[in-house]
Amino acid sequence: LRSVSVAPFAEPLRAAERRVVEQMGARLETLLAVPRSHFEPMQVVRYEAGNYYRQHMDASRSLQRMLTAFLYLNDVEGAGETNFTRLGLAVRPKQGRLLLWPNVLNEDPETPDPRATHEASTLTAGRKYGANMWVHLRPLRSNRWRMTRL
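Residues numbered from 1 in each chain as written. Predicted model: local features only at pLDDT ≥ 70, side-chain atom pairs only at ≥ 80, totals over all residues. Heavy atoms only, no water.

1. A short note on the overall build of the chain
If you tally the helices and strands in the chain, you get 1 helix and 11 strands. What you see in the chain, going N to C, is helices and strands ordered as α-β-β-β-β-β-β-β-β-β-β-β. For the chain, with 150 residues in total, the buried portion stands at 45%. Restricting the contact set of the chain to residue pairs at least 6 apart, pairs at least 24 apart contribute 80%. Summing over all exposed atoms, the chain offers an accessible surface of approximately 8100 Å²; the carbon and sulfur share of this is 51%. (Helix = DSSP H or I, 4+ residues; strand = E, 2+ residues; numbered from the N terminus. Buried < 20%, exposed > 50% of the residue type's maximum accessible area, 1.4 Å probe, protein only. Contact = heavy atoms within 4.5 Å. Areas by Shrake-Rupley, 256 points an atom, 1.4 Å probe, with all protein chains shown as cover.)

2. Some points on the pattern of salt bridges
In total, this model carries 7 salt bridges according to the counting rule given. A salt bridge links E29 to R36, with the shortest nitrogen-to-oxygen separation between them at 3.1 Å. A salt bridge links R92 to E81; its shortest N-O distance comes to 3.8 Å. Linking R92 in the loop between β6 (89-91) and β7 (98-102) with E81 in the loop between β4 (78-79) and β5 (82-84), this pair joins segments that are 11 residues apart in sequence. (Salt bridge = Lys/Arg side-chain N within 4 Å of Asp/Glu carboxyl O.)

3. Re the sheet that holds β6
Across the sheet, 4 strands lie side by side as β2-β8-β5-β6; this open sheet has antiparallel pairing. Each edge of the sheet is formed by a strand with only one pairing partner; in this case those strands are β2 (53-56) and β6. Neighbour-to-neighbour, the strand axes of this sheet turn through a mean angle of 15°, independent of strand direction. Note that β2 and strand β8 (residues 118-120) share 2 bridges and pair antiparallel. Looking at the pairing, H56 lines up with H118 of β8. (Pairing = 2+ DSSP bridges. Axes fitted to C-alpha atoms, helices over the stretch in contact; angles between N-to-C directions.)

The structure is reproduced here in structure tokens:
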């Protein structure tokens, strides 16, 4: 399904990285008018040349991720687009670009929307860094605002 690095880096986030994470969380909280208690901890991912993440959905009946936010943290040398396969839409990585999409149906927010099926195409050169944040319909049990560097 994937060949992307999702294990934490050994070193802690640097101050500049921590600020970016905090700013993204604060901006999303304001933009969406959703409290952080509904947010999963941010996940930062690293793709090396040849890495990919095959077609998948971020929500299921048991994992009710209402929205996904994905921030590109760098420009990319070769390919590595985010493809929304059922919509025929491909988004090229660009540093600072934020993708925000719904994972559930408007009329039934507990039902995943198959149109949100997406993949990260194979990165053909260089590295790609991105940050995922998922927003849930209800508050999470643990609403700690953690940052994980992957």
